[in-house]
Amino acid sequence: MNSVRPLHEGWTVRPADGSDVPDGVGDRSVPAAVPGCVHTDLLAAGLIPDPYLDDNENRLSWIGRTDWVYETTFDWVDPGDPRVDLVCAGLDTVATVTLNDVELGRTANMHRGYRFDARAALHPGRNTLRVRFDSAYRHAEAVRDRLGDRPNAYPEPFNFIRKMACNFGWDWGPNLVTAGIWQEIGLHAWAVARLASVRPLVTVDHTSGTASGSAGDDGPGGGVPGGVTGRVEVHVDVDRADGADAPLTVVATVAGARAEAVVPAGQRSAVVTLTVAEPELWWPRGYGEPARHALDVTLHRADGSTLDTWQRHIGFRSVRLDTTADPAGSAFTLVVNEMPVFVRGVNWIPDDAFPTRVDRARYAHRFGQAVDAGVNFLRIWGGGRYESEDFYDLADELGLLVGQDFLFACAAYPEEEPIASEVAAEARYQVARLTPHPSLVLWTGNNENIWGWHDWGWQEVLDGRSWGLGYYLDVLPGIVAELDPTRPYWPGSPYSGRDDLHPNDPAHGTMHIWDVWNTDDYLKYRQYVPRFLAEFGYQGPPAYATLRRAISDDPLASDSPGMAHHQKAADGDLKLRRGLDAHLPAPRDFDDWHYLTQLNQARAIAVGVRHFRSHRGICMGTILWQLNDCWPVTSWAAVDGDGRRKPLWYALRDAYADRLLTIEPRDGGLALVVVNDTGVDWHPQTDVTRLTLAGEPLAKIGYQLAVPAHSAITVPLYPDLAATDDPRRELLLANTAGQRAWWFFAEDNEVDYPAAGYEAAVEPTDGGLRVTVTARTVLRDLTLYPDRLDPAAEVDRALVTLLPGESTEFVVRTGVDLDPAALTSRPVLRCVNDIINDIPAAGA
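Procedures and definitions
Residues numbered from 1 in each chain as written. Predicted model: local features only at pLDDT ≥ 70, side-chain atom pairs only at ≥ 80, totals over all residues. Heavy atoms only, no water. Helix = DSSP H or I, 4+ residues; strand = E, 2+ residues; numbered from the N terminus. Rg over C-alpha atoms; globule rule 2.2 N^0.38 Å. Buried < 20%, exposed > 50% of the residue type's maximum accessible area, 1.4 Å probe, protein only. Contact = heavy atoms within 4.5 Å. Areas by Shrake-Rupley, 256 points an atom, 1.4 Å probe, with all protein chains shown as cover. Lys, Arg positive; Asp, Glu negative; His and termini not counted. Charge placed at Lys NZ, Arg CZ, Asp CG, Glu CD. Axes fitted to C-alpha atoms, helices over the stretch in contact; angles between N-to-C directions. Parallel < 35°, antiparallel > 145°, perpendicular 65-115°, else oblique. Nonpolar A, V, L, I, M, F, W, Y, C, P; charged D, E, K, R; others polar. pLDDT = per-residue confidence, 0-100. Salt bridge = Lys/Arg side-chain N within 4 Å of Asp/Glu carboxyl O. Phe/Tyr/Trp six-rings, centres within 6.5 Å; stacked < 30°, edge-to-face > 60°. Core = buried A, V, L, I, M, F, W, Y, C linked by side-chain atoms within 4.5 Å. Pairing = 2+ DSSP bridges. Expected span 1.5 Å × (residues − 1).

### Here we look at the overall build of the protein chain
- When helices and strands are counted, the protein chain shows 16 helices and 48 strands.
- Relative to a compact globule of 844 residues, whose C-alpha radius of gyration would be 28 Å, the protein chain shows 29 Å and is just as compact.
- C-alpha atoms of the protein chain, sized along the principal axes, occupy 90 × 70 × 60 Å.
- Residue burial in the protein chain is summarised as follows: out of 844 residues, 61% are buried.
- Counted over contacts in the protein chain with a minimum sequence separation of 6, partners at least 24 positions apart contribute 70%.
- When the accessible surface of the protein chain is totalled, it reaches about 29,900 Å², and 49% of it is carbon and sulfur.
- In the protein chain, 76 side chains carry a positive charge and 117 a negative one; their mean positions are 1 Å apart.

So, in structure tokens, the structure goes:
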């Protein structure tokens, strides 16, 4: 059997000789964490300030322009194996690896692993391993100068190096160009042969189709297998030691099935095929259970002794894209186990600018936040990384669908060397690595590059130079077809499927909507009915506790220096103000600004998601930009850089509910739209009432509705119900089984709100406090911000609208004895109409 020895201990890092670094750093060696990166090592050594605080980022740019040397020593006893390899799962990025002053190899790609034959360089006793990282900046700029510049979204050379692009800064992220041993490294000793690659290609034959299943009358529902057969083709590549050419046997087992195949003498590959009758299928969230099965693969000598083993958990499921032409254009529908899935998605960026700080527990927490918001799909954006095994394993376990972009974003990429061969090697490595994961259902060639070529003025600048199209239409789809034909590939996001269509045509393929936010108000979402919306978003600041931890401005203001530094979007604050001016009262101070901009972000996305879901059948997916942040910043995220949920998260949870009630403009009037994304037919009794702001009913109609599983129905509202002569003082309320949908006839800065009046009571409950608010007046979008009193506090709900006489409860999770008066008054407890006039709470 072979053996693996991790080499994660005893590392130091120092600037390379002759480096121009600040005083105090010099040629000092400091302890280094492996896996890790130079920034976190320098931070741990106290040599740099925290780059996430204030504008410290600006004083750390020298790190990315410096060469760094990592070094460790280790004792080694010769195990007698003919092969001993140094295995580097990830080196960031331009590395020279030497062992006992013998160069083992060089790398220039963060996104793939490397294996070097170390046998001849090792010697018994003390050994010295050194990895020198040359400046990624200098390398990328040299490639750019050799191949000719190409346009991109930011004035950085990220498109000339195979490295995480957002390391160079983005409109939500800091410029922190890293270097280091960012994944596992160790020695692998082996004899005769080893499993070099195992690619399980899983297919399902739905010979009798699928039947609708149910998780109960009120549950999400799901699919159940009906006469299905699972098939696993295990493609195995072996690496042989010199002179070891004897026949080998590969054995594979899964779900009670066993099969084997012989690797003939001198050959290096085999395919083992397993067939499983009626396997438990892997279903995405909301459609059934994500059943997984252990797949074990072993490599044997002719005498039966074991040489190597491999195990992963796989899932039996089919996946395809339905792009059938129809009267509205052409579909873009993800079909899993022959069940069309409405994608309720979020875009995922690296959860930290320093990826090694994101461990399995942090992934699990963030995924829990996604699942609790009704999300069933994570799109891994193309300016980050191919995500980790922990990421994909958790997605498999939770039934979360995943779309993985190949790593090209917002730029023209050269198709010449040295980039071209790295792109192909990286793609082959990652496609093979990720084949076991049932959650991965879509490969996408790039983010916005085809759109950029069409609309962003690239063609004149490029003047005929390559820009990446050959990757997206030839190289990448060819590799996916060769190594993993079980999954669909789409050339870009956005992309309309044909060269003769604009790449961002809403009637075909995938679409991004960014005129909303950049130039237009969020009500413009209602002008679009995309087939599949892969990006859309609206900004808002992070939680108050996050701001106070990261920014020392005193006083804190929307335009204070720290706030300005933590706003990376072009004209971001002007766009926030434009959005407020269109909808909400003018803020009087920072506390108002913070509440209102967070509220406007939540409102914008709620308007969009409800509208797009109301067109279910034509539109079959929305992927919000974005779930998460990588540092404390004003951004489009629902969860901020410290992991706190913004009001947008609560709005998304409501808008992504399995069953949705919404009032939408239709044909010059209003309509009630009811969406049922469960596998169970729904028969809600729904009342729609027109009321005054004082809660007095003016008109009311009841509807007995029938909404089939996985569908939406539209009910036009009668004009005498849905029309008003007094838009500043009236509203509509639709109500069914505890769900509500509101329609205000005027914007909040026009509504004749009374000053907010309420009573509030605070009582202890398990793990925290229960806050009960009873309205004396209408209260619009009542929200509690307990993190202003305890940074660790969380609340269970937000954005609650109450009519006079109604009550609601907030449960605050906190370990601190919070002051009831502070907890139930401004700026902790807020609503839109407390900006009209400050009325103190009663009974607090």
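Having seen the model, we can carry on.
### Description of the packing of helix α12 (residues 572-583) against helix α13 (residues 590-614)
- Between α12 and α13, whose axes approach to 10 Å, the crossing angle comes to 85°. Our classification of the angle between α12 and α13 gives roughly perpendicular. Facing Leu576, Gly579, Leu580 and His583 of α12, the residues of α13 in contact are Trp593, Leu596, Thr597 and Asn600.
- Of the residues in the contact of α12 with α13, the class split is 4 nonpolar, 4 polar and no charged.

### Quick word on the confidence of the model for the protein chain
- Of the residues in the protein chain, 97% reach a pLDDT of 70 or more, and the chain-wide mean stands at 95.
- For the stretch residues 838-844, pLDDT sits under 50, and the model shows 17 contacts to residues farther than four places along the chain or on other chains.

### A closer look at the pattern of salt bridges
- This model, assessed by the stated rule, comprises 69 salt bridges.
- Two residues, Arg385 and Glu387, come together in a salt bridge whose shortest N-O distance is 3.7 Å.
- Overall, the relative accessible area of 7% leaves Arg385 in the buried class.
- The residue Arg588 makes a salt bridge to Asp592 at a minimum N-O spacing of 2.6 Å.
- Residue class for Asp592 comes out buried when judged on its relative accessible area of 0%.
- Within the structure, one salt-bridge network assembled from shared partners comprises Arg588, Asp589, Asp592, Arg826, Arg830 and Asp834.

### Here we look at the packing of aromatic side chains
- Across all of its chains, the model carries 43 aromatic pairs by this definition.
- Taking 4.7 Å as the distance between ring centres and 55° as the angle between the ring planes, the aromatic pair formed by Tyr154 and Trp170 counts as tilted. With Tyr154 in the loop between α2 (136-147) and β11 (180-181) and Trp170 in the loop between α2 and β11, this residue pair connects regions lying 16 residues apart in the sequence.
- For Trp170, a relative accessible area of 6% translates into the label buried.
- Between Phe367 and Phe391, the aromatic rings sit 4.8 Å apart at their centres with planes inclined by 90°, giving edge-to-face as the arrangement. With Phe367 in helix α3 (residues 360-372) and Phe391 in helix α4 (residues 389-398), this residue pair connects regions lying 24 residues apart in the sequence.

### Section: the nonpolar core
- Counting 211 residues, the largest nonpolar core has Val234, Leu295, Val297 and Phe406 as its most contacted members.
- It is α13 that contributes the most residues to this core, 12 residues altogether.
- Aside from chain neighbours lying at most four places away, what touches Val234 is Val198, Arg199, Pro200, Ala252, Ala270, Val271, Val272, Leu274, Leu295 and Val297.
- With 39 residues, the next largest nonpolar core counts Leu60, Leu86, Ala95 and Ala189 among its residues.

### What to know about the sheet that holds strand β36 (residues 669-676)
- With respect to topology, 3 strands assemble into an open sheet ordered β35-β36-β39, the strand pairing being antiparallel. Two strands in the sheet have a free side with no partner beyond their single neighbour: β35 (659-666) and β39 (711-716). Each strand of the sheet is rotated relative to its neighbour by a mean of 25°, with strand direction disregarded.
- As judged from the 8 bridges shared by β35 and β36, these two strands associate in the antiparallel manner. Pairing of Glu664 across the sheet is with Ala671, part of β36.
- Set on the sheet, α13 makes contact with β35, β36 and β39; between it and β35 the angle comes to about 90°.

### Re the pairing of strand β7 (residues 94-99)
- Burial runs high along β7: 6 of the 6 residues are buried.
- Judged by which residues are buried, β7 turns out to be covered on both faces: Val94, Thr96 and Thr98 on one side and Ala95, Val97 and Leu99 on the other are all buried.
- Across 6 bridges, β7 lies against strand β8 (residues 102-108) in antiparallel orientation. Bridge pairing in β8 places Thr98 opposite Glu103.
- As defined by bridge partners, β7 adjoins strand β10 (residues 125-134) across 6 bridges and the pair is classed as antiparallel.

### Observations regarding helix α8 (residues 469-483)
- Its 15 residues give α8 an end-to-end C-alpha distance of 21 Å, which sits within 8% of 21 Å, the value for a rise of 1.5 Å per residue.
- Turning to α8, its buried residues are Tyr471, Tyr472, Leu476, Ile479, Val480 and Leu483.

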